[in-house]
Amino acid sequence: MMAKQQYEQLSPEWFQPAPPNVGEQEKINRPSLTFWQDAWLRLRENKAAIVGLVMIIILTLMAIIAPMASDRTYKDQNLRHAKLPPKIPVLEHIHWLPFDGRDANGVDVYKQRGVKEYYWFGTDDLGRDLWVRTWYGTRISLYIGLLAALIDLLIGIAYGGISGYYGGRVDNVMQRIIEILNGIPYLIMVILFILIFEPGIISITLAMVITGWTTMARIVRGQVLKLKNMEYVLAARTLGAPTSRLIFKHLIPNVIGPIIITTMFTIPSAIFTEAFLSFIGLGIRPPEASLGSLVNDGYKSIQTYPHLMIIPAVVISLLILSFNLVADGIRDALDPKMRK
Amino acid sequence: MARYTLQRFVYMIITLFIIATLTFFLMKLLPGSPLQNQEKLTPEQKALILKEYGLDKPVPVQYIQYLGNLLKGDLGVSFQYDNRPVAELISDRIGPSAQLGFQAIVFGTIVGLILGIVAAIRHNHWEDYTATVIAVLGASIPSFVLGGFLQYFIAVKLQWLPVAFWEGFKYTILPTLALSVGVIASIARFMRTEMLEVLSSDYILTARAKGISQAGVIIKHAIRNSLIPVITILGPMTVNLMTGTLVIEKLFAVPGLGEQFVRSIELNDYPVIMGTTLFYSALLILAVFIVDVLYGVVDPRIRLAGGKK
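Each residue is numbered by its place in its chain's sequence as written, counting from 1. As a convention, the first chain written is A and the first ligand written is 1, with the rest following in written order. Confidence filtering applies because this is a predicted model: local features only for residues at pLDDT of at least 70, side-chain atom pairs given and counted only at 80 or more, and all residues used for totals across whole chains, interfaces and linings. With hydrogens and water excluded, all non-hydrogen atoms of the structure serve as input to the side-chain values.

**Thoughts on the overall build of chain B**
Thought 1: When helices and strands are counted, chain B shows 13 helices and zero strands.
Thought 2: Helix numbering and strand numbering both begin at the N terminus, where a helix is a DSSP run of H or I of at least 4 residues and a strand a DSSP run of E of at least 2. In sequence order, the secondary structure elements of chain B are arranged as α-α-α-α-α-α-α-α-α-α-α-α-α.
Thought 3: Radius of gyration here uses only the C-alpha atoms, and the compact-globule reference equals 2.2 Å multiplied by the residue count raised to the power 0.38. For chain B, the C-alpha radius of gyration of 25 Å lies well beyond 19 Å, the compact-globule estimate for 309 residues.
Thought 4: Projected onto its principal axes, the C-alpha positions of chain B cover 90 × 60 × 25 Å.
Thought 5: Within chain B, the proportion of its 309 residues that are buried is 46%.
Thought 6: Relative to all contacts within chain B whose residues are 6 or more apart in sequence, the contacts with residues 24 or more apart total 70%.
Thought 7: Summed over its atoms, the accessible surface of chain B is roughly 16,000 Å², and 67% of this surface lies on carbon and sulfur atoms. The cut-offs for exposure are 20% and 50% of the maximum accessible area for each residue type, with area from a 1.4 Å probe on protein chains only; residues under the lower value are buried, those over the upper are exposed, and the others partly exposed. Residues are treated as being in contact if the distance between any of their heavy atoms lies within 4.5 Å. With residues, only the protein chains shown are counted as cover, and all accessible areas are computed by Shrake-Rupley using a 1.4 Å probe.

**Describing the overall build of chain A**
Thought 1: From N to C terminus, chain A includes 15 helices and zero strands.
Thought 2: Taken along its principal axes, the extent of the C-alpha atoms in chain A is 105 × 70 × 30 Å.
Thought 3: At a minimum sequence separation of 6, the contacts of chain A that also span at least 24 residues come to 74%.
Thought 4: Carbon together with sulfur atoms contributes 63% to the accessible area of chain A, which is approximately 18,200 Å² in total.

**Side note on the pattern of salt bridges**
Thought 1: Between Lys or Arg on one side and Asp or Glu on the other, a salt bridge is scored when a side-chain nitrogen of the former is within 4 Å of a carboxyl oxygen of the latter. Under the defined criterion, the tally for this structure stands at 11 salt bridges over all chains.
Thought 2: The shortest N-O distance in the salt bridge between Asp332(A) and Arg331(A) comes to 3.7 Å.
Thought 3: Residues Glu259(B) and Arg263(B) are paired through a salt bridge, measuring 2.8 Å at the closest nitrogen-oxygen approach. Of the two residues, Glu259(B) and Arg263(B) both sit in helix H11 (residues 257–266), four residues apart, roughly one turn of that helix.
Thought 4: Given the relative accessible area of 15%, Glu259(B) is considered buried.
Thought 5: Each of Asp328(A), Arg331(A), Asp332(A) and Arg189(B) takes part in one network of salt bridges that share partners.

**As for helix H13 (residues 256–279) of chain A**
Residues and elements named next belong to chain A.
Thought 1: Any helix carries an expected span of 1.5 Å times its number of residues minus one. For H13, built from 24 residues, the straight-helix expectation of 34 Å at 1.5 Å per residue is met to within 8% by its first-to-last C-alpha distance of 35 Å.
Thought 2: Counted residue by residue, H13 has 18 buried out of 24 residues, so it is predominantly covered.
Thought 3: In the stretch just after H13, Gly 281 is the one whose phi turns positive, near 85 degrees.

**Describing the nonpolar core**
Thought 1: Joining through side-chain atoms within 4.5 Å is the link that ties buried Ala, Val, Leu, Ile, Met, Phe, Trp, Tyr and Cys residues into a set, and such a set is a nonpolar core. Of all hydrophobic cores here, the largest spans 138 residues; its most connected members are Phe144(B) and Met195(B).
Thought 2: Counting residues per element, this core draws most heavily on helix H15 (residues 307–334) of chain A, which supplies 14 residues.
Thought 3: Residues within four places of Met195(B) in sequence aside, it is in contact with Ile117(B), Ala120(B), Ile121(B), Ile218(B), Ala222(B), Ile223(B) and Ser226(B).
Thought 4: One finds Ile157(A), Met216(A), Val224(A) and Leu227(A) within the second-largest nonpolar core, a separate group that totals 15 residues.

**Looking at the packing of helix H6 (residues 130–166) of chain A against helix H10 (residues 214–227) of chain A**
All names here are of chain A.
Thought 1: Contact geometry for H6 and H10: axes closest at 7 Å, N-to-C directions at 40 degrees. Seen from above, H6 lies across H10 with right-handed handedness. The residues of H10 that touch H6, namely those facing Asp 152, Gly 156, Ile 157, Tyr 159, Gly 160, Gly 161, Ser 163, Gly 164 and Tyr 165, are Met 216, Ala 217, Val 220, Arg 221, Val 224 and Leu 225.
Thought 2: Split by residue class, the contact of H6 with H10 holds eight nonpolar, five polar and two charged. Fitting a line to C-alpha atoms yields each axis, with helices limited to the stretch in contact; the angle taken between N-to-C directions then spans 0 to 180 degrees. Crossings are sorted by hand: turned counterclockwise from the far helix by less than a right angle, the near helix makes the crossing left-handed, and turned clockwise it makes it right-handed. Asp, Glu, Lys and Arg are counted as charged, while Ala, Val, Leu, Ile, Met, Phe, Trp, Tyr, Cys and Pro are counted as nonpolar; the rest, among them Gly, fall into the polar class.

**Notes on empty space enclosed by the protein**
Thought 1: Each cavity reported here is a set of points on a 1 Å grid over the protein atoms alone in which a 1.4 Å probe fits but cannot get out, each pocket an open set with protein on both sides within 12 Å along at least five of seven lines, and each lining residue one with an atom within 4 Å of a point. Grid points are joined across faces, edges and corners, and a volume is the space filled by probe spheres set on the points. Tallying each qualifying case throughout the model produces two cavities of 30 Å³ or more.
Thought 2: Looking at the largest cavity, its volume works out to about 70 Å³.
Thought 3: Taken together, Pro185(A), Leu187(A), Ile188(A), Val239(B), Met242(B), Thr243(B), Tyr280(B) and Leu284(B) make up the lining of the largest cavity.
Thought 4: For the lining of the largest cavity, the elements supplying multiple residues, two or more each, are helix H8 (186–196) of chain A together with helix H10 (234–251) and helix H12 (270–298) of chain B.
Thought 5: Of the residues contributing to the lining of the largest cavity, the split by class is seven nonpolar, one polar and no charged.
Thought 6: Looking at the second largest cavity, its volume works out to about 50 Å³.
Thought 7: Along the walls of the second largest cavity sit Asp124(A), Leu130(A), Arg133(A), Leu294(A), Asp297(A), Gly298(A) and Leu308(A), which together make up its complete lining.
Thought 8: Of all the elements in the fold, those that place two or more residues in the lining of the second largest cavity are H6 and helix H14 (291–300) of chain A.
Thought 9: Top contributing element to the lining of the second largest cavity by residue count: H14(A), with three residues.
Thought 10: When grouped by side-chain class, the residues that make up the lining of the second largest cavity number three nonpolar, one polar and three charged.

**Quick look at unusual backbone geometry**
Of all residues except glycine, most have a negative phi; of all peptide bonds, most are trans.
All names here are of chain B.
Thought 1: For Asn 124, which is not glycine, the phi dihedral falls at a positive 65 degrees.
Thought 2: Take Asn 124: it is sitting in the loop between helix H4 (86–121) and helix H5 (126–140).
Thought 3: According to the relative accessible area criterion, Asn 124 is partly exposed, its value standing at 42%.
Thought 4: The phi dihedral of Ala 253 is positive, around 50 degrees, even though this residue is not glycine.
Thought 5: You can see Ala 253 is positioned in the loop between H10 and H11.
Thought 6: With relative accessibility at 28%, the residue Ala 253 sits in the partly exposed group.

**Observations regarding the UniProt feature "transmembrane region" (unreviewed entry) in chain B**
Thought 1: UniProt positions are given in the numbering used here, feature names are shortened, and annotations may be inferred rather than shown by experiment. Feature annotation in UniProt assigns "transmembrane region" (unreviewed entry) to the following positions: residues 9–27, 100–121, 133–153, 173–191, 227–248 and 278–298 of chain B.
Thought 2: Span residues 227–248 of chain B is 86% helix and 0% strand, its end C-alpha atoms 29 Å apart.

**Considerations on the packing of helix H4 (residues 47–69) of chain A against H15(A)**
Residues and elements named next belong to chain A.
Thought 1: H15 packs onto H4 with a crossing angle of 135 degrees between their chain directions and a minimal axis gap of 8 Å. It follows that H4 is oblique to H15 by the angle criterion. Crossing geometry of H4 relative to H15 is assigned as left-handed. Residues Ala 48, Ala 49, Gly 52, Leu 53, Met 55, Ile 56 and Leu 59 of H4 lie in contact with H15, whose contacting residues are Val 315, Leu 318, Leu 319, Ser 322, Phe 323, Leu 325, Val 326 and Gly 329.
Thought 2: Residues belonging to the contact of H4 with H15 are distributed by class as follows: 12 nonpolar, three polar and no charged. Orientation labels follow simple angle bins: below 35 degrees gives roughly parallel, above 145 gives roughly antiparallel, 65 to 115 gives roughly perpendicular, and whatever is left gives oblique.

**Examining the side chain of Arg133(A)**
All names here are of chain A.
Thought 1: Structurally, the position occupied by Arg 133 is in helix H6.
Thought 2: In this structure Arg 133 comes out as buried when scored by relative accessible area, which is 1%.
Thought 3: Leaving out residues up to four positions away in the same chain, Arg 133 has contacts with Tyr 74, Asp 124, Arg 128, Pro 287, Glu 288, Ala 289, Leu 294 and Asp 297.

**Things to note about the packing of aromatic side chains**
Residues and elements named next belong to chain B.
Thought 1: The pairing test for Phe, Tyr and Trp rings, Trp by its six-membered ring, is centres within 6.5 Å, and the orientation test on the planes gives stacked under 30 degrees, edge-to-face over 60, and tilted for anything in between. What the rule picks out here adds up to 13 aromatic pairs over all chains.
Thought 2: Aromatic side chains Phe 24 and Phe 25 sit 5.0 Å apart centroid to centroid with 85 degrees between the ring planes, which places their arrangement in the edge-to-face category.
Thought 3: Exposure remark for Phe 24: the relative accessible area of 5% places this residue in the buried category.
Thought 4: Geometrically, the ring pair formed by Phe 24 and Tyr 63 is tilted, given 5.2 Å between the ring centres and 50 degrees between the ring planes. A residue pair is termed long-range when its members are at least 10 positions apart, and Phe 24 in helix H1 (residues 2–29) and Tyr 63 in helix H3 (residues 59–71) qualify at 39 residues. Summarising the burial analysis for this pair, Phe 24 and Tyr 63 share the class buried.
Thought 5: Taken together, the aromatic side chains of Phe 24, Phe 25, Tyr 63 and Tyr 66 make up a single cluster linked through ring pairs.

Printed below as a string of structure tokens:
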């Protein structure tokens, strides 16, 4: 009985269909995010990537500012100040830190030799300031990283884009060339160049120009092959867009995610390769300094002056680590599928 | 399958041929000759020496001879090591390098696989995070830095193991460790990703639904299927190991091929540099060829895509 009464209270008007009111339904309550804003939001949540990003910024600033701010240069020799341990103002009073100007036996070398100046990272066997040399070496590492990224972007994308877009015989020939280039190890390429030119930055750069872009070209080709049959490409072509416009305006922007990820992973591996080459004596030659050659020099006196090896070794490891962390973070941010 | 293998084989030969050709013409471009520092020689003596090295003939003839010698395994003679044949120098030095490489691959693969599998099973637990941190660090710290640190802290400071040289198994532990870290990092990373993907696939769900135990699912279904793509990283890993042995052998004074290679670069001993370069390239290209064929055997999709063309 009760139930029936309740039913009778319900008015049929209540059951009218809601007015269409399309505008209200479609209203977007939050500001819409572009692809980049979305990626940045995801990247920001990745603590490791942010730590890496901050470290890259700090290291880059140091590499730019430190050699300029110091009144010593990377090649100034001062034999009277040779083989000094690190000494940093303020930190010198904290005894468990290795910055108090004492050598492995606990002798204050600065007092013993009457050196008034501070060498923050100490000096090498020719009295060159390791602080300036370390940051100068970091500059070289960063230059190599930047160069590798540029080569990837310029040659890799163009090659992969053309190969994938034209397909058929062009693609076949271009892919065979890549296969042969890939078969020649990078190290071998560098050695061949070093035999013709002098060891140094030019040989490393040239070898990189010839072999460094193949991974990128393969990835771009794969993506372009997939995308070129899409309807929007057909539409653009129907409207009379030239091939170059199709490749650079329509296809490349849609491959931008994999491109950025590949570039980010190229950088640390290029930095590592340069350090490695300099370490075995194929890269930067003295008096110029690279982190790899500094580690190699420091290694010779590891028992008596461990700081000469440890400091550049820590800097190069931090540099590669930060780039790897950021690359991992960007991959996760741009491509949620690949996220852990 | 036969067609696919043949195709890979032809590419291998072409690549080797191109590298050999490049090497030859670069050697021709070099300023040095066997006559250096021997100005006092009479023209007859010079001609005799040139003839001995086969340098009196025109370049194309020399090129053909060079290719012929390569096929016979003759890589020329060293400038620095008393005119000894390069091939002999290489075969003398290959032992320690091969042993180091082998130990590093075996140790690195076992540890890497365990890390990767544990990380995938305990996804988003502390075991996973630990394994990920180890993998990132292992991929980031250069082998020469790691080798130096191992040597300084374990051999010099703690004196647990010998610092350097090559006089028995104890001497191989530190270099193997330094060399295997890169292997551990790449295998652990790859295995973890593969395993996570396999674990979330439908046939694993089916296996679980049929009531197979966790251990059974992991061992019989997940690990076996995750292992297949891991074969692909064996190629790049060979390159890494090769570059790794160069620095590790230098650091630990191991009398291997890498150490000799670095020394011959310092001494500008061109024939040894070129010979070793060719040897390394051939080894690498062979490794890539074997990986390609192996992968074609394991995964039919690859050889079908490759052989159709």
